[in-house]
Amino acid sequence: MLGSPFLRGKNHLMNTRSESGKILYICRPVFLYLIVSAAVSASMEALWSGGLCDWCTTGAGAALSYALRSAWSLLCIVIPAGAGCLSIRGDVRQAFSRRKPGAWPVSMQQRALPVLLVAAVCLSMGINLLCALLAENDLPSAAGAGTVPGAEGFVLQVFVFGVYMPYIEETLFRGILFKRIRAVLQDDEAAVSKNRKPMIGPAGAAALLSSAAFGLYHGAVLQGFYAFAMGLLFAAAYARTGRLSVPSALHGACNLCVLLLQWTDTFYRFCTPPWILTFFALAGGGFFTIHQMKKHTRKKT
C-alpha cells in the first residue's frame, strides 16, 4: 500500500503519463468525498426513521418538535459534508498549502474584488429569480433548504449556507477539482507541439469541467444550471486571484442574499421579468467595469 504512486504525491503520478492515473488523480478526492458523505447521510436518515422522528413527534411539544426537525435537517447537511472533508483531509490541506499566483496583480485585485462581489450577487439573484419564475416559484438555491424558527435559526442558517458549505464546496470543486484538472491539462499542453495550440486553454477547460461537476452535484436541473453558471464565475475568480478565499466569499455572499430575502419574505416580490433584467444588467455592468480595470492596469504596466 505504501508503494502506491497515488500516495507519493502529484509529481510521481504526473510523470507516469498514464491516462487512467491522471483521471484517478483528478477524481479520487471527489469520489471519496461523495461516498463518505452519502454513507453518513444514509446513516442519519436511518437513525431518523428508526425512532428519532417518533421521539421528536411524541416526546416534545409542537413548537419544540418543529425546531428539532428543522435543526436535524441542517445537521443532515453539516455532518455528512464534514465527514466527507475529513476523509480527504490530506487533499484539503494540499489545496491550501500550494497557492498559485493569480493573473491579477494585487493592485488590480484590491480595486476589482468589491465590484466582483456586487456583480456576483446580482448574477446570482438574476439566475435565482429566473429559475424561480420558470419553476413556478421553486427556489433553486441551496439557501432554500429547511428553516429553523427564531433568530437563533437565522444565525445557524447564516453559518451553514454563508460560511460552512461555501467553504467546503469551493475547496472541493475549485481548490481540488479545478486545480487538478488545470494541472493535468497544463502538463499535457506542455507535451504537445507549440504549433498545435488548443482552442481553449487549460484554465478554461478546467473551469468548464469543474463547473459541470458542480452542477451535477446539485442534482435537479434548475439547481444544476444555477450551480454551473455560478461555478464558472467562481472558477474564474479563483484563477484570476489564486486565492480560494475569494470564490468562498462570493459563494457565501450569493447564498446569504437569497437567504435574507427568503427570511424576510421579500424574495418573490423581485420575481418579475423587469427585476430579473435589472439584476442581469447590473451584473453585466460590473463585469464590464472589471474588464475596463484590467485594460487600464495593462496600459499602466
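Now for a description of the structure that goes with this document. (Residues numbered from 1 in each chain as written. Predicted model: local features only at pLDDT ≥ 70, side-chain atom pairs only at ≥ 80, totals over all residues. Heavy atoms only, no water.)

**Here we look at the overall build of the protein**
Piece 1. A count of helices and strands for the protein gives 10 helices and zero strands.
Piece 2. Along the protein, from the amino end to the carboxyl end, the secondary structure elements read α-α-α-α-α-α-α-α-α-α.
Piece 3. The burial tally for the protein puts 42% of its 301 residues in the buried class.
Piece 4. Restricting to contacts in the protein with at least 6 residues of sequence separation, those with at least 24 account for 79%.
Piece 5. Of the roughly 15700 Å² that the protein leaves accessible, carbon and sulfur atoms contribute 66%. (Helix = DSSP H or I, 4+ residues; strand = E, 2+ residues; numbered from the N terminus. Buried < 20%, exposed > 50% of the residue type's maximum accessible area, 1.4 Å probe, protein only. Contact = heavy atoms within 4.5 Å. Areas by Shrake-Rupley, 256 points an atom, 1.4 Å probe, with all protein chains shown as cover.)

**Topic: the environment of Ala235**
Piece 1. Mapping Ala235 onto the fold places it in helix 8 (residues 221–241).
Piece 2. According to the relative accessible area criterion, Ala235 is buried, its value standing at 1%.
Piece 3. As for Ala235 and Ala207, which are separated by 28 residues in sequence, their C-alpha atoms are 5.5 Å apart.
Piece 4. Filtering out sequence-adjacent residues up to four positions away, Ala235 remains in contact with Arg174, Phe178 and Ala207.

**Observations concerning the layout of surface pockets**
Piece 1. When its volume is computed, the second largest pocket comes out at roughly 340 Å³.
Piece 2. The wall of the second largest pocket is formed by 14 residues, among which Ile26, Cys27, Leu177, Ile181 and Ala213 lie closest to the centre.
Piece 3. Elements with a contribution of two residues or more to the lining of the second largest pocket: helix 2 (19–58), helix 6 (150–191) and helix 7 (202–217).
Piece 4. A total of six residues in the lining of the second largest pocket trace back to one element, the largest contributor, which is helix 2. (1 Å grid on protein atoms, 1.4 Å probe; cavity = no way out; pocket = protein on both sides within 12 Å on 5 of 7 lines; lining within 4 Å. Points joined across faces, edges and corners; volume = space filled by probe spheres on them.)

**Considering the environment of Cys254**
Piece 1. Relative to the helices and strands, Cys254 resides in helix 9 (residues 245–263).
Piece 2. Of the residues examined, Cys254 reaches a relative accessible area of 1% and is grouped as buried.
Piece 3. Those residues in contact with Cys254 that sit more than four places away from it in its chain are Ala120, Val121, Ser124, Tyr226 and Met230.

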